[in-house]
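# Reading the structure
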Amino acid sequence: MEEVKEKVISIPRIGEPAPDFEVVTSHGVLKLEDYKGSWLVLFSHPADFTPVCTTEFIAFSEIYPELQKRGTELLGLSIDSVSSHIAWARNIEEKTGVKIPFPIIADLSKEVSTSYGMIHPEQSKTETVRCVFIIDDKQIIRTILYYPLTTGRNMQEILRIIDALQTTDQYKVATPANWKPGDMVVVPSPNTQEMAEERVKQGYDCVDWYLCKKKL
Amino acid sequence: MACIGSDGKPTISGIKVLRTLDSGHNNPEEIAKGSGLPLFRVRSGLRQMVEASLVSRNDDIYTITAKGKSLI
């Protein structure tokens, strides 16, 4: 009987260092370490010259100034050639007037898409699904989003997550459901009974000792 | 967007980096601020220009070479 061997690929997880890469992009050769000190949104799209991806590229370009205000860079990826990326970016600019300001990885070898778990064979064996990896300034993966081929991403949610993560880092707080900048944040849960009793006296907006919010 | 073109000469971005280096900025963060280019572009560009001997590197301090100066 023929033995079928499947290679088990480990997909990076939140809190782990982002897998290293040195890649050819539409802006030249780039390494992950080039982004040290900046936040990075690494995202994959299924293919160049496709409709949903084109709407996403326009939308990513539109939020790029907002990302830059947050010290964040954008890096696209698909299993297409650099020539294809350049031709598509030029076509988008020619047809819509929107310039694509960020580099796009030409991952023809599938090395990066495999190491980041961007290929989901039940969706497509030859294309990446719509992944978003939010990588912080220390090159740690902080958020992973996966969208299917048919669903374009929500750019406001990507901005909201970056705002939430950077707020958490700066103020050591958590953010509640549907939080947006300016809303109250969640005070970390107390670890001891004494801390719980203290918590209620501190003037926070508390539902109970385990759920307290405050203004920043 | 690379800093060295296929003809081996610095691109517009490359010239910006070289001019910023020549004006006294010598680490990637300062060059990014001085040139207005994103930091990742400066780092990858400096790597290319070191390989092309337009720039020399000592730890994280970069210096424009005579060959680099002759191109700006």
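Residues numbered from 1 in each chain as written. Chains lettered and ligands numbered in written order. Predicted model: local features only at pLDDT ≥ 70, side-chain atom pairs only at ≥ 80, totals over all residues.

## Some points on the domain arrangement of chain A
We note that the domain assignment places domain 1 (22-153) and domain 2 (172-216) within chain A. Computed over C-alpha atoms only, the centres of domain 1 of chain A and domain 2 of chain A are separated by 36 Å. (Domains from an automatic or database assignment.)

## Considering the packing of helix H2 (residues 28-35) of chain B against helix H3 (residues 39-51) of chain B
Residue and element names in this part refer to chain B. Running from N to C, H2 and H3 cross one another at 115°; their axes reach a closest spacing of 9 Å. The two elements H2 and H3 meet at a crossing, and its hand is right-handed. Each of Pro-28, Glu-29, Ile-31, Ala-32 and Ser-35 in H2 lies in contact with H3, whose residues at this interface are Leu-39, Val-42, Arg-43 and Leu-46. Class assignment for the residues of the contact of H2 with H3 results in six nonpolar, one polar and two charged. (Axes fitted to C-alpha atoms, helices over the stretch in contact; angles between N-to-C directions. Helix = DSSP H or I, 4+ residues; strand = E, 2+ residues; numbered from the N terminus. Left-handed = near helix turned anticlockwise from the far one by under 90°. Contact = placed C-beta atoms within 7 Å. Nonpolar A, V, L, I, M, F, W, Y, C, P; charged D, E, K, R; others polar.)

## Some thoughts on the sheet that holds strand E10 (residues 211-214) of chain A
Backbone hydrogen bonds hold the strands of a sheet together, and the pairing may be parallel or antiparallel. Residue and element names in this part refer to chain A. If you walk across this open sheet you meet the three strands as E8-E10-E9, and the pairing is antiparallel. For this open sheet the edge positions go to strand E8 (185-186) and strand E9 (205-208), each flanked by a neighbour on one side alone. Alignment of E9 against E10, held across three bridges, turns out to be antiparallel. Counted as the bridge partner of Cys-206 is Cys-212 from E10. (Pairing = 2+ DSSP bridges.)

## Brief notes about unusual backbone geometry
All names here are of chain A. The phi angle at Phe-49 is positive, at roughly 55°, despite the residue not being glycine. Here Phe-49 lies in the loop between strand E3 (39-44) and helix H1 (51-69). Given 12 C-beta atoms within 10 Å, Phe-49 falls into the exposed group. Backbone geometry places Gln-139, a non-glycine residue, at a positive phi of 70°. Mapped onto the fold, Gln-139 is located in the loop between strand E6 (130-135) and strand E7 (141-147). With 18 C-beta atoms packed within 10 Å, Gln-139 lands in the partly exposed category. (Buried ≥ 20, exposed ≤ 12 C-beta atoms within 10 Å, placed from the backbone.)

## Regarding the nonpolar core
Counting 37 residues, the largest nonpolar core has Leu-40, Val-41, Leu-42, Leu-75, Leu-77, Phe-133 and Ile-135 of chain A as its most contacted members. Going through the elements one at a time, E3, H1, strand E4 (72-78), helix H2 (82-96), strand E5 (104-106), E6 and helix H4 (155-171) of chain A are the ones with two or more residues in this core. The greatest single-element share of this core, amounting to five residues, is contributed by E3 of chain A. If we ignore the near neighbours within four places in the chain, the residues touching Leu-42 of chain A are Leu-75, Leu-77, Phe-133 and Ile-135 of chain A. Formed by 14 residues, the second largest nonpolar core is a distinct cluster that contains Cys-3, Leu-18, Val-42 and Val-55 of chain B. (Core = buried A, V, L, I, M, F, W, Y, C linked by C-beta atoms within 7 Å.)

## Some words on the interface of chain A and chain B
With nine residues of chain A at the contact, the number on the chain B side is eight residues. A total of three residues in the side of chain A that touches chain B trace back to one element, the largest contributor, which is strand E2 (residues 28-31) of chain A. Here the side of chain A that touches chain B is composed, by residue class, of three nonpolar, four polar and two charged.

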